[in-house]
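Close look at the chain arrangement
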Amino acid sequence: METAAPAIRRGAQATLAVLTLDAVAYALLQSSVTPAVPAIQRSLHASATASAWVITAFLLTAAIATPIAGRLDVHGKQRVLTVVLGLMVAGTLLAALSRSLGVLIVARAIQGVGGAVFPLAFGIVSDELPRERVSSGIGWVSAMLGVGTTAGIVVSGPIVAGFGYEALFWMALVPLAVAAIATAVAIPPSPSRGAGGVHWGAAALLC
């Protein structure tokens with residue numbers, strides 16, 4: 001007779017709920033800006049090539065932050081994830097206040113650090129959930145990327161049409177701020193940490 005997988009304890013359920021919010025908040029921020037690029041181009045009187053950097057800057061920093069985050073877990077996954085979300089909040093606030101394309105691109109580059117959310121979240125799932133539940137927990141958090149991406153694309157058009165592209169960032173601040181606070185408060189400090197650290201010379205080659 002097969003033994004049922006152990007239930008997820010209440011604290012781990014709270015952790016998984018917070019990680020779900022973290023993943024959705026990142027995915028919304030990633031996808032909602034893409035349909036808004038033409039509006040950004042018109043509002044800031046920029047060329048199509050220059051406006052494309054609003055997307056490119058985000059993707060570049062996300063690509064760099066993702067592998068580096070895997071080594072920064074020596075400082076504690078929960079702590080690093082909280083810092084990453086804090087940077088996303090700062091970048092989103094800067095984007096909402098930006099009135100030039102250059103500032104907006106810098107803001108989007110800061111937001112792209114959020115690419116580290118997923119590897120850190122997977123590590124926390126591995127730490128906090130029973131071994132039999134880790135695969136399903138990681139699958140659940142991964143699925144939130146698709147959910148958030150789809151939702152971001154759907155809501156972007158009406159928001160930009162009604163309130164301007166800045167409204168995307170003002171509205172994103174709420175879930176991001178809640179996610180950062182919840183991560184700091186509800187997720188316990190990481191019981192296990194990676195060995196070593198970041199090889200900054202090698203990391204520089206990613207830039």
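Residues numbered from 1 in each chain as written. Predicted model: local features only at pLDDT ≥ 70, side-chain atom pairs only at ≥ 80, totals over all residues. Heavy atoms only, no water.

Looking at the chain, pLDDT values average 86 and 85% of them are 70 or higher. When mean pLDDT is taken per element in the chain, helix α6 (residues 101-111) scores highest with 96 and helix α10 (residues 200-204) scores lowest with 47. Long-range and interchain partners of residues 1-5, a stretch whose pLDDT sits below 50, account for 2 contacts in this model, where long-range means more than four residues apart. Throughout residues 199-203 the model reports pLDDT below 50, and contacts reaching past four residues in sequence, or to other chains, amount to 4 contacts. (pLDDT = per-residue confidence, 0-100. Helix = DSSP H or I, 4+ residues; strand = E, 2+ residues; numbered from the N terminus. Contact = heavy atoms within 4.5 Å.)

The tally for this structure, following the rule as stated, stands at 3 aromatic pairs. Relative to Phe-58, the ring of Tyr-26 lies with its centre 5.8 Å away and its plane at 25 degrees, an arrangement referred to as stacked. With Tyr-26 in helix α1 (residues 10-32) and Phe-58 in helix α4 (residues 53-72), this pair connects stretches of sequence that are 32 residues apart. Take Tyr-26 and Phe-58: they sit in the same class, and that class is buried. An aromatic cluster of at least three residues, connected via ring pairs, comprises Tyr-26, Phe-58, Phe-118 and Phe-122. (Phe/Tyr/Trp six-rings, centres within 6.5 Å; stacked < 30°, edge-to-face > 60°. Buried < 20%, exposed > 50% of the residue type's maximum accessible area, 1.4 Å probe, protein only.)

Right, let's get into the environment of Met-171. Checked against the element boundaries, Met-171 lands in helix α9 (residues 166-186). On the basis of relative accessible area, Met-171 is assigned to the partly exposed category, the value being 48%. In sequence terms Met-171 and Ala-96 are 75 residues apart; their C-alpha atoms lie 9.3 Å from each other.

Viewed as axis vectors pointing N to C, helix α5 (residues 77-97) and α9 meet at an angle of 160 degrees, and their least axial separation amounts to 9 Å. Our classification of the angle between α5 and α9 gives roughly antiparallel. In terms of crossing hand, the pair formed by α5 and α9 is left-handed. Here Gln-78, Leu-81, Thr-82, Leu-85, Gly-86, Met-88, Val-89, Thr-92, Leu-93, Ala-95, Ala-96 and Leu-97 of α5 come into contact with α9, specifically with Glu-166, Phe-169, Trp-170, Ala-172, Leu-173, Leu-176, Ala-177, Ala-179, Ala-180, Thr-183 and Ala-184. Among the residues making up the contact of α5 with α9, the classes are represented as 17 nonpolar, 5 polar and 1 charged. (Axes fitted to C-alpha atoms, helices over the stretch in contact; angles between N-to-C directions. Parallel < 35°, antiparallel > 145°, perpendicular 65-115°, else oblique. Left-handed = near helix turned anticlockwise from the far one by under 90°. Nonpolar A, V, L, I, M, F, W, Y, C, P; charged D, E, K, R; others polar.)

Bringing the environment of Ala-65 into the picture now. Along the polypeptide, Ala-65 turns up in helix α4. Separated by 49 residues in sequence, Ala-65 and Gly-114 have C-alpha atoms that sit 7.5 Å apart. Not counting residues within four places of it along the chain, the set of residues in contact with Ala-65 comprises Gly-112, Val-113 and Ala-116.

What follows concerns the nonpolar core. Membership of the largest hydrophobic core comes to 53 residues, with the highest contact counts inside it found for Leu-19, Ile-40, Met-88, Leu-104, Val-141 and Phe-169. Looking at this core, the elements with two or more residues in it are α1, α2 (37-43), α4, α5, α6, α7 (117-128), α8 (131-163) and α9. Examining the composition of this core, we find that 8 residues originate from one element, α1, more than from any other. With residues up to four places along the chain from it excluded, the contact list for Ile-40 reads Val-33, Val-54, Leu-101, Leu-104 and Tyr-165. (Core = buried A, V, L, I, M, F, W, Y, C linked by side-chain atoms within 4.5 Å.)

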